[in-house]
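Single-letter residue listing:
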Amino acid sequence: MVTKLSLDALEKKANDIREDIIRMLEEAGSGHSAGPLGLADIVTALYFNVMDYDPKNPDWPERDIFLMSNGHCVPVQYAAMAHAGFFDRKELMTLRKYGSRLQGHPERTKLSGLENTSGPLGCGLSQACGMALAMRMDHVERKRWIYVVMGDGEQDEGNVWEAAMLAGKYKLSNIIAITDRNNIQIDGPTEEIMPLEDLKAKWEAFGWHVIEIDGNNIESVIDACSMAKAIENKPVMLIAHTVPGKGVEFMEYDFTWHGKPPNREEAKKALHELRTLGGKIRGEHE
Amino acid sequence: MNNMHLLTDITATDIVQEPIRKGFGRGLKTIGDANEAVVAACADLTDSTQMSLFKEAHPERFIEIGVAEQNLVTVGSGLAAMGKIPFVSSYAAFMPGRCWEQIRTTICLNDRPVKLVGSHAGVSVGPDGATHQMLEDIALMRVLPNMVVLAPGDSLEAEKATVAMAADRRPNYIRLAREATPVFTTAETPFEIGKAYVYTPGEDITIIATGTMTYQAMVAAEKLYKDGVDAEVIHCPTIKPLDAETILHSVRRTKRVITVEEGQAAGGLGGAVAELLADKFPARMHRIGMQDRFGESGNPNELLEKFGLTAKHIQLAVHAMLEESK
């Protein structure tokens, strides 16, 4: 089992994970920057406080399940997994390279500890529904939790709403879905490309309990997950408002960083910002 | 009875006719009774696809997905992830027709042993017309790494295939038909995933057939025998992995091949056999099936006649090929 970290330690962990994301992407020379940085606080909260699992025994039958439905954000998951002890942090630098277990988009059969293969959008929630229905048949429904991280642009996919309807019908209350509401997708702002609002009302209309949170506030993520577990007759959607590129000022809110990595110069600048918390402190390694 | 334990008189007027999908329904019930890990999900076609037998016996292991085939197969992936053996069914036109990418990513690449059941395949669906007559399912499923593709020849074989699928650790697709067709195999007729069977031994030409067309090929072989032609009929219920050994053993002797299927000849069984022979033993070949076109409304026999999918058409094709080499 992994040790649950205190709030201070979690904030430091999220920052370390962001630094690793920048290094990984720079080394890989391709990949997505904004999403993984924006999700770092949510993924840190889940891996280092909320979820029960054992990195030394990834198939532990009582573990909670983490599904990254928006597979392009997997660098943040890889970084969290390395910090949690699933594999050595050095391996992070193999991201997207020939022979690596860290494929550009997550492949379950390549890396122990991944629960799904994803990248093509809109499938994670359906897989979660299948898992939750199996857990109900096995009478472990209130003992294991399924966390599904989804993009907001991903919700253009019809498959998402098919799953939303099914989870509502069967009241799959051990699913805790988290929408990374960062308002960007590849072609531009979500509300221009394909408006999602009123997103909260949509999920509620499908039979979900919806909680809106600040997805870059670790404490609010943890609190919302506790609240979600108390809801016994509905699946729960956390609409997590996040800042895309969070922690690196020149990437924040800029949709052009959705699908590209930093070059050496940009990475250096980004790492400096992360180490000094945007110039507020002096970096340890500066 | 021959060594394949087929009915002796397959053209008897009183031969039992039953839809292939009925055999699936019985097989699923049988394996569901025996194995608690077997679960079933359907997209609003529970009676049509014959999942109702299982549903009645094991309602707690049945999931109604509604008209949502993308969700159907992806929920299947999640069920398999938790150790279940999920059978998911719809009409073949919709599953795999509607949800190929979900099958590719969450089942094949993700290596989850979901059992896909596509009913109402082929033009013999009849009056519903081209939208519902799935002809491309074999081609769509055959190109996916890890996927096993099955098309049983009658309801008894479908029953055996269903039981075998539950024990297979790979993703599987099974193709079923709507209309009643002759039951010409018996309980003793062998079935194993990955095997093709010589139903009628012969020396002059090899006819390789799958699904509903094997019976037509068998009838054609009887007619051809009376015409003085010794045709070998190979029944190929597993299109992938293809039983190369059985096929090559036959074609090396006969040097001539005709494939028969109730679907697009391009990419289907015909495509699979053509690829095999191009690689290993180029031979004169003719593919009977749908020739790059869609079906239409009509009764099944009218349509099979129109599209050249009867014993008579097979018989004529064999004569034409033998004529060429005279």
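What you see is a predicted model; the values in this text were computed from it and never measured. (Residues numbered from 1 in each chain as written. Chains lettered and ligands numbered in written order. Predicted model: local features only at pLDDT ≥ 70, side-chain atom pairs only at ≥ 80, totals over all residues. Heavy atoms only, no water.)

Colleague: Just give me the short version of the pattern of salt bridges, but keep the residues and values in it.
Modeller: Residue and element names in this part refer to chain B. On inspection of all chains with the given rule, the structure shows 32 salt bridges over all chains. Of the charged contacts in the structure, one is a salt bridge between arginine 26 and glutamate 159, with a shortest N-O distance of 2.9 Å. In this pair, arginine 26 is assigned in helix H1 (residues 20-34) and glutamate 159 in helix H6 (residues 155-167), connecting sequence segments 133 residues apart. Classification of glutamate 159 as partly exposed rests on a relative accessible area of 21%. (Salt bridge = Lys/Arg side-chain N within 4 Å of Asp/Glu carboxyl O. Helix = DSSP H or I, 4+ residues; strand = E, 2+ residues; numbered from the N terminus. Buried < 20%, exposed > 50% of the residue type's maximum accessible area, 1.4 Å probe, protein only.)

Colleague: Tell me about the sheet that holds strand E7 (residues 236-241) of chain A, and please be specific about residues and values.
Modeller: Residue and element names in this part refer to chain A. The five strands are arranged E1-E2-E3-E7-E6 in an open sheet whose pairing can be described as parallel. Of all strands in the sheet, those bounded by a partner on one side alone are strand E1 (65-68) and strand E6 (209-214). Neighbour-to-neighbour, the strand axes of this sheet turn through a mean angle of 20 degrees, independent of strand direction. Pairing of E1 with strand E2 (residues 146-151) involves four bridges; the strand directions are parallel. Directly across from leucine 67, in E2, lies its bridge partner valine 148. The strands touched by helix H4 (residues 124-137) are E1, E2 and strand E3 (175-181); relative to E2, the strand with the most contacts, the crossing angle is about 170 degrees. (Pairing = 2+ DSSP bridges. Axes fitted to C-alpha atoms, helices over the stretch in contact; angles between N-to-C directions. Contact = heavy atoms within 4.5 Å.)

Colleague: How would you summarise the domain arrangement of chain B if you had to cite specific residues and measurements?
Modeller: Residues and elements named next belong to chain B. Each assigned domain of chain B is listed here: domain 1 (17-182) and domain 2 (197-324). Here the C-alpha centroids of domain 1 and domain 2 sit 25 Å apart. On the side of domain 2, 34 residues touch domain 1, which itself brings 33 residues to the contact. The contact between domain 1 and domain 2 buries some 2300 Å² in all, and 59% of this surface belongs to carbon and sulfur atoms. Contact with domain 2 buries surface across domain 1, with Val123, Leu135 and Arg142 losing the most and accounting together for 28% of the total. (Domains from an automatic or database assignment. Buried area = accessible area lost by both parts, 1.4 Å probe.)

Colleague: Would you mind going over the interface of chain A and chain B in detail, with residue names and values included?
Modeller: Taken together, the contact between chain A and chain B spans 26 residues of the former and 26 residues of the latter. Together, the buried faces of chain A and chain B total about 2100 Å²; carbon and sulfur atoms form 60% of this surface. At the boundary of chain A and chain B, one finds one salt bridge. The salt bridge partner of A:Asp138 is B:Lys84, with a shortest N-O separation of 2.6 Å. Between the two partners, chain A and chain B, sit 10 residue pairs in polar contact (both at pLDDT 80 or more). A total of nine residues in the side of chain A that touches chain B trace back to one element, the largest contributor, which is H4(A). A class-by-class count of the residues in the side of chain A that touches chain B yields 12 nonpolar, seven polar and seven charged. (Polar contact = N/O pair within 3.5 Å; in protein donor to acceptor, adjacent residues only side chain to side chain. Nonpolar A, V, L, I, M, F, W, Y, C, P; charged D, E, K, R; others polar.)

Colleague: Give me the lowdown on the nonpolar core, citing residues and values where you can.
Modeller: Membership of the largest hydrophobic core comes to 79 residues, with the highest contact counts inside it found for A:Ile146, A:Ile175, A:Trp203, A:Trp208, B:Ile103 and B:Leu116. The biggest single contributor to this core is H4(A), with nine residues. Two domains each put at least three residues into this core: domain 1 (17-182) and domain 2 (197-324) of chain B. Other than its neighbours up to four places away in sequence, A:Trp203 contacts A:Leu125, A:Met150, A:Gln155, A:Val160, A:Trp161, A:Ala164, A:Trp208, A:Val210 and A:Met237. (Core = buried A, V, L, I, M, F, W, Y, C linked by side-chain atoms within 4.5 Å.)

Colleague: Now, about the packing of helix H3 (residues 69-81) of chain B against helix H4 (residues 100-109) of chain B: what can you tell me, with residues and values included?
Modeller: Residues and elements named next belong to chain B. Packing of H3 against H4 brings their axes to within 9 Å, and their N-to-C directions diverge by 5 degrees. It follows from the interaxial angle that H3 and H4 lie roughly parallel. Along its contact with H3, which presents Gln70, Val73, Thr74 and Ser77, the element H4 presents Gln102, Ile103, Thr106 and Ile107. Taken together, the residues of the contact of H3 with H4 sort by class into three nonpolar, five polar and no charged. (Parallel < 35°, antiparallel > 145°, perpendicular 65-115°, else oblique.)

Colleague: Can you tell me about the packing of aromatic side chains, naming the residues and giving the values?
Modeller: The final tally for this structure, using the stated rule, is 12 aromatic pairs over all chains. Where B:Phe184 meets B:Tyr215, the ring centres are 5.5 Å apart and the plane angle is 55 degrees; that geometry is what we call tilted. Of the two residues, B:Phe184 is situated in the loop between strand E8 (180-182) and strand E9 (197-200) and B:Tyr215 in helix H7 (residues 213-226); the sequence distance between them amounts to 31 residues. By relative accessible area, which is 0% here, B:Phe184 ends up buried. Grouped by ring-pair contacts, the aromatic residues A:Tyr47, A:Tyr53, A:Phe66 and A:Phe86 constitute a single cluster. Over the ring of A:Phe48 we find A:Lys13, and its NZ or CZ is 5.1 Å from the ring centre. In this arrangement the basic side chain of A:Lys260 is found over the ring face of A:Trp257, its NZ or CZ atom lying 4.4 Å from the centre. (Phe/Tyr/Trp six-rings, centres within 6.5 Å; stacked < 30°, edge-to-face > 60°. Lys NZ or Arg CZ within 6 Å of the ring centre and 35° of its normal.)

Colleague: Lay out the side chain of B:Asp168 in plain terms, naming residues and giving numbers.
Modeller: All names here are of chain B. Along the chain, aspartate 168 turns up in the loop between H6 and strand E7 (172-175). In terms of polar contacts, aspartate 168 uses its side chain to reach the side chain of asparagine 172, at 3.2 Å. Residues in contact with aspartate 168, not counting those within four places in the same chain, are Pro113, Lys115, Val148 and Ile193.

Colleague: So, unusual backbone geometry: which residues are in play, and what are the values?
Modeller: A cis geometry characterises the amide bond from B:Met95 onward to B:Pro96, with omega recorded as 20 degrees. Along the chain, B:Pro96 turns up in the loop between strand E4 (85-91) and H4. Look at the link from B:Lys240 to B:Pro241: it is a cis peptide, with omega at -5 degrees. Structurally, B:Pro241 can be placed in the loop between strand E12 (238-240) and helix H8 (244-254). A positive phi angle, near 65 degrees, is found at A:Arg96, a position not held by glycine. For A:Arg96, the location among the structural elements is in the loop between helix H3 (74-84) and H4. A relative accessible area of 31% means that A:Arg96 is categorised as partly exposed.

Colleague: For the sheet that holds strand E2 (residues 38-42) of chain B, give the residues involved together with the corresponding values.
Modeller: Residues and elements named next belong to chain B. If you walk across this open sheet you meet the seven strands as E3-E2-E4-E5-E7-E6-E12, and the pairing is mixed. Of all strands in the sheet, those bounded by a partner on one side alone are strand E3 (62-64) and E12. Neighbour to neighbour, the strand axes of the sheet diverge by 20 degrees on average, direction disregarded. Where strand E6 (residues 148-150) lies against E12, two bridges are found, and the strand directions are antiparallel. If you follow leucine 150 over to E12, its bridge partner there is threonine 238.

Colleague: Run through the side chain of A:Gln127, naming residues and quoting values.
Modeller: Relative to the assigned elements, A:Gln127 resides in helix H4. According to the relative accessible area criterion, A:Gln127 is buried, its value standing at 2%. The residues touching A:Gln127, leaving out its near neighbours within four places in the chain, are A:Leu67, A:Asn116, B:Thr74, B:Ser77, B:Gly78, B:Thr106 and B:Asn110.

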